[in-house]
Amino acid sequence: MKIAIAFDSFKGSLTSAEAAKAFTDGFSSVLPDTEFVTCIVADGGEGSIKALASAESVTVEKCVSGPLHNRVKAHYLSDNNCNAIIEMAEASGLTLIPVDERNPMKTTSAGTGELILDALQRGCSHITLCIGGSATNDAGTGLLSALRYRFMDADGKLLYGCGASLKDIARIDDSNVPALVRDADYTIICDVDAPFCGPNGAAYTFAAQKGADKDMINILDKGMHHFADIILKHYGINIKDIPGAGAAGGIGGGLLAILGAELKSGTDYILEKKGFGKMIEGCSLVVTGEGHIDRQTIMQKAPMGVLRMASAHGIPVIAIGGKVTICKELVDTGFSQILSITPHSMPLQQAMEPATAYSNLFQTAAKLAKSMKNI
């Protein structure tokens, strides 16, 4: 038997590689002759840099603005082909903020813009920006401010790039933007396909997990609608309903319109770069998964990209999650099985400990192997 393993990270517990090892160790304890091929997968969020790294990649570290304008150390990759790969979670990630300080009205993507500017100043002309895991809902205004775009209110006052400012933007001034910013090419790797605003958009879908209450969510969505209207007026592009425009609190839409960025599905992009279609040839099963499998999984998350590619080759796919919140949409996706590794009685904090998560995934894989051995 030959099995392809393509896990995203189990956020806060296991990296993609660690999850793959836990599964292969557990499965092999029952069926030792199984052959495995492993693909490090990400969806545009944390872990994307590792997934896209090559032998030519060089790590660049820089101290930049964090999501609450504290200083943080962040790194990105560049190569000798003038490409830079930047992960938004490095400088503007949700995990950089304590839970009780999370507030997408205040958080900014400025630090990610500082990383982009540093890469451009070092000679990079193409930026691949992986935007999952953000703490922000500023539609890219913080990032763009770091690139010398200016957002003004009706009185000509310069606005701070954050979620609370979106409703007040009346004019975009790009007169001071350097040529190296204008001339670069930008590819945005999205981890979800959410539209920019509205009931399925950035604020209503993701702002709560970034610290917003209901009143904040309503204000943020109104701000997103308003900013989309300003973008339409200035650039002639209606970004409200574009899939992926709502990714990372609207970074997708803001950069598509203002920088001319190309939006791509994170998982599809990474799987294509890694040659996943060739890798799974001859496999009888593909196993994928992530920390929490739920309704958001169907929104371009890594397991769905793996499912699409494996299904195109006629290979069944099993999805495994640290936690599974089942819904009709998941049932209808086409996974042959959806498994949770965590016992119902186990507290979440305990389940997320790396050693416990490894053991639970090992046991789940062993149990799966036993069921297949008896067929």
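These numbers come from a predicted model, not from an experiment.

Unlike most non-glycine residues, His69 shows phi in positive territory, near 65°. Structurally, His69 can be placed in the loop between strand 3 (58–65) and strand 4 (71–78).

Turning to the environment of Ile270, a few remarks are in order. As for its placement among the helices and strands, Ile270 is situated in helix 10 (residues 266–273). Classification of Ile270 by relative accessible area gives buried; the value is 0%. For the pair Ile270 and Gly305, spaced 35 residues apart in sequence, the C-alpha separation works out to 9.6 Å. Residues contacting Ile270, with those up to four places away along its chain left out, are Ile40, Ala42, Asp43, Gly44, Ser48, Ala51 and Leu52.

What follows covers the nonpolar core. For soluble globular proteins, the rule of thumb is that nonpolar side chains tend to be buried together. Core analysis: the biggest nonpolar cluster contains 57 residues, and Leu129, Tyr149 and Phe227 have the highest contact counts within it. Per-element accounting of this core gives the leading share, 8 residues, to helix 9 (residues 247–259). Filtering out sequence-adjacent residues up to four positions away, Leu129 remains in contact with Ile86, Met88, Thr112, Ile116, Leu143, Thr187, Ile188, Ile189, Ile251 and Leu255. Listed in part, the 23 residues of the second largest apolar core include Ala19, Phe27, Ile341 and Ala357.

In this section: the sheet that holds strand 9 (residues 185–190). Taken together, the 6 strands give an open sheet; going across it, the order is 3-4-5-6-9-10, and neighbouring strands pair in mixed fashion. At either end of the open sheet lies a strand with only one pairing partner, and these are strand 3 and strand 10 (262–265). The average angle at which neighbouring strand axes cross in this sheet is 25°, direction not considered. In the sheet, strand 9 pairs with strand 10 via 4 bridges, with the strands oriented parallel. In the strand pairing of strand 10, Cys190 is matched with Ser265. In this fold helix 9 packs onto strand 6 (126–130), strand 9 and strand 10, with an angle of close to 155° to the strand it touches most, strand 9.

Right, let's get into the packing of aromatic side chains. Aromatic rings considered in pairs are described by the distance between their centres and by the relative angle of their planes. On inspection of all chains with the given rule, the structure shows 5 aromatic pairs. Pairing Phe7 with Phe10 gives two aromatic rings, centres 5.8 Å apart and planes at 75°, and the pair type is edge-to-face. The same class applies to Phe7 and to Phe10, which are both buried. Ring centres of Phe27 and Phe36 lie 6.0 Å apart, and the angle between their planes is 90°; this geometry places the pair in the edge-to-face category. Among the aromatic side chains, those forming a connected cluster through ring pairs are Phe7, Phe10, Phe23, Phe27 and Phe36.

The rules we used
- Residues numbered from 1 in each chain as written.
- Predicted model: local features only at pLDDT ≥ 70, side-chain atom pairs only at ≥ 80, totals over all residues.
- Heavy atoms only, no water.
- Helix = DSSP H or I, 4+ residues; strand = E, 2+ residues; numbered from the N terminus.
- Buried < 20%, exposed > 50% of the residue type's maximum accessible area, 1.4 Å probe, protein only.
- Contact = heavy atoms within 4.5 Å.
- Core = buried A, V, L, I, M, F, W, Y, C linked by side-chain atoms within 4.5 Å.
- Pairing = 2+ DSSP bridges.
- Axes fitted to C-alpha atoms, helices over the stretch in contact; angles between N-to-C directions.
- Phe/Tyr/Trp six-rings, centres within 6.5 Å; stacked < 30°, edge-to-face > 60°.

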